[in-house]
Amino acid sequence: VFASHETHCYEATVLLNGKRVCKVENDGRGGCDNHYPFHGQSKESFDKSYKSLKTACLATVKDDDPEMYAMLTNRSVTDEVSDNVIDIVVGHFLNRHLAKKELKQLMRNKIILVEKSTDDVYEVKMRPTEENLRYVKVKYGADHLILNEADIKEQLYYWLKKN
């Protein structure tokens, strides 16, 4: 992601049910992802697993974003699902990975609070030591959730909602 201009710059191996499917990369200059076989993968294996990957990605989009699913499947010219569905899902997981990384880094040096009534997220410029966490609990009370003490699912829920 260090070389990104308009899109994330990355290279990754995509797995489906724990098995390698393909390589995916983006140069970070605003274009679509490139998908290609991993080293030693036959064309037949790539084609078969790539088709399975598109099906799995489409199911993910259907569950997570019904409007996007309708757009991707509303085809008048062909029944073929666009390769963009893979880009959408890979981008989603990459964004979650980067958000998790950003949040972990932030929580090493600060205490992150969520005001329960509004879901607003605040930073307290204190290291999250036991003593400081106790102080923040007393000061802000039960009206606030301390993200540093929440599980990762809850942390990401509020952090992604904020951004």
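Residues numbered from 1 in each chain as written. Predicted model: local features only at pLDDT ≥ 70, side-chain atom pairs only at ≥ 80, totals over all residues. Heavy atoms only, no water.

Caption draft 1: Representation of the packing of helix α3 (residues 84-109) against helix α5 (residues 152-162) in the model. The contact between α3 and α5 brings their axes to 10 Å, and the two run at 100 degrees. Accordingly, the angle class assigned to the pair α3 and α5 is roughly perpendicular. Where α3 approaches α5, its residues R96, A99, K100, E102, L103, L106 and M107 are matched on the opposing element by I152, Q155, L156, W159 and L160. The residue inventory of the contact of α3 with α5, partitioned by class, reads eight nonpolar, one polar and three charged. (Axes fitted to C-alpha atoms, helices over the stretch in contact; angles between N-to-C directions. Helix = DSSP H or I, 4+ residues; strand = E, 2+ residues; numbered from the N terminus. Parallel < 35°, antiparallel > 145°, perpendicular 65-115°, else oblique. Contact = heavy atoms within 4.5 Å. Nonpolar A, V, L, I, M, F, W, Y, C, P; charged D, E, K, R; others polar.)

Caption draft 2: Representation of the sheet that holds strand β2 (residues 19-27) within the structure. With antiparallel pairing, three strands are arranged side by side in an open sheet as β1-β2-β3. Strands at the two margins of the open sheet, each flanked by one partner only, are β1 (9-16) and β3 (34-36). Neighbour-to-neighbour, the strand axes of this sheet turn through a mean angle of 25 degrees, independent of strand direction. Sheet topology note: the β2/β3 ladder contains three bridges and is antiparallel. Considered in β3, the bridge of V24 is made with H35. Packed on one face of the sheet, helix α1 (residues 43-64) meets β1, β2 and β3 and runs near 75 degrees to β2. Running over the sheet, α3 touches β1, β2 and β3 and is turned about 105 degrees from β1. (Pairing = 2+ DSSP bridges.)

Caption draft 3: Geometry of the pattern of salt bridges. Evaluation of the coordinates by the stated rule reveals four salt bridges. One salt bridge connects K43 with D47, and the closest N-O pair in it is separated by 3.0 Å. With K43 and D47 both in helix α1 and four residues apart, the pair spans about one turn of that helix. E149 is paired through a salt bridge with K137; the nearest N and O atoms lie 3.2 Å apart. Of this pair, E149 sits in the loop between β6 (144-146) and α5 while K137 sits in helix α4 (residues 130-140); the two residues are 12 residues apart in sequence, bridging distant segments of the chain. A residue is classified by how much of its surface remains accessible, and E149, at 44% relative accessible area, is partly exposed. (Salt bridge = Lys/Arg side-chain N within 4 Å of Asp/Glu carboxyl O. Buried < 20%, exposed > 50% of the residue type's maximum accessible area, 1.4 Å probe, protein only.)

Caption draft 4: Seen up close, unusual backbone geometry. The phi dihedral of N17 falls on the positive side, at around 55 degrees, and the residue is not glycine. Here N17 shows up in the loop between β1 and β2. On the accessibility criterion, N17 (74% relative accessible area) is exposed. With a phi close to 65 degrees, D119 is a non-glycine residue in the positive phi region. Along the polypeptide, D119 turns up in the loop between β4 (111-115) and β5 (120-124). Residue D119 is classed as partly exposed on the basis of its relative accessible area, which comes to 23%.

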